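# Structural overview for review
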Amino acid sequence: MATNENQEFNPLALDNQICFALYVCSKEIIRKYNPLLEPLGLTYTAYITLLCLWEKDNVTVKELGSRLFLDSGTLTPLLKKMEGQGLLTRTRGGQDERTVYIKLTDNGKAMKEKCSNIPQQMMCQNIIDMKNAAPLLQTLHQIMHNMDEKKE
């Protein structure tokens, strides 16, 4: 936190805000993804949606939204766009019409190969060294877990 020997800790200083540091890092990392994703016709949000579906396909919108921390107001237009691109299908549930299932198309599955080098390309940008990546990721996952528990 931003203090020196002669200054008292200021809780309102911008540099002392964890949320601001996370916001800036997130925004700038996503900006670095854009040149890698744009040629594939993907946004960062579409990319993480595909990552999720490559792990587990044929899920409900609710399940997908929960995994991605996205509400249906954000997810629905994204899924419509991705369906229009031929990456996935949206199908209403048989017994409950309100339930919508998301399933990758062959094009959506094939996109995995096209995206396979993106993590390596991001690592080559030297945003963080590997020895610090694992503990940071663990801390961020703990924050995500804590925030998810607070929603319930």
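Residues numbered from 1 in each chain as written. Predicted model: local features only at pLDDT ≥ 70, side-chain atom pairs only at ≥ 80, totals over all residues. Heavy atoms only, no water.

Only one face of strand β3 (residues 100-104) is buried: it carries V100, I102 and L104, and the other face, with Y101 and K103, is open. The pairing of strand β1 (residues 59-60) with β3 spans two bridges and is classified as antiparallel. Bridge pairing in β3 links V59 to I102. (Buried < 20%, exposed > 50% of the residue type's maximum accessible area, 1.4 Å probe, protein only. Helix = DSSP H or I, 4+ residues; strand = E, 2+ residues; numbered from the N terminus. Pairing = 2+ DSSP bridges.)

Turning next to helix α4 (residues 72-84). Note: α-helices contain 3.6 residues per turn, so residues at a spacing of three or four share the same orientation. Compared with the 18 Å implied by 1.5 Å per residue over 13 residues, the 18 Å span of α4 between its first and last C-alpha is a close match. If you check which residues of α4 are buried, you get L75, L78, L79 and M82. When α4 is viewed along its axis, its buried side chains cluster within an angular range of 100° and face the same direction. For α4, the exposed residues lying more than 90 degrees away from the buried face are G73 and G84. Looking at the buried side of α4, the elements it contacts are α2 (44-55), α3 (61-68), β2 (88-92) and β3. G86, located one to two residues past α4, shows a positive phi value of around 80°. (Expected span 1.5 Å × (residues − 1). Arc of directions from axis to C-beta. Contact = heavy atoms within 4.5 Å.)

That is the geometry; function is a separate question.
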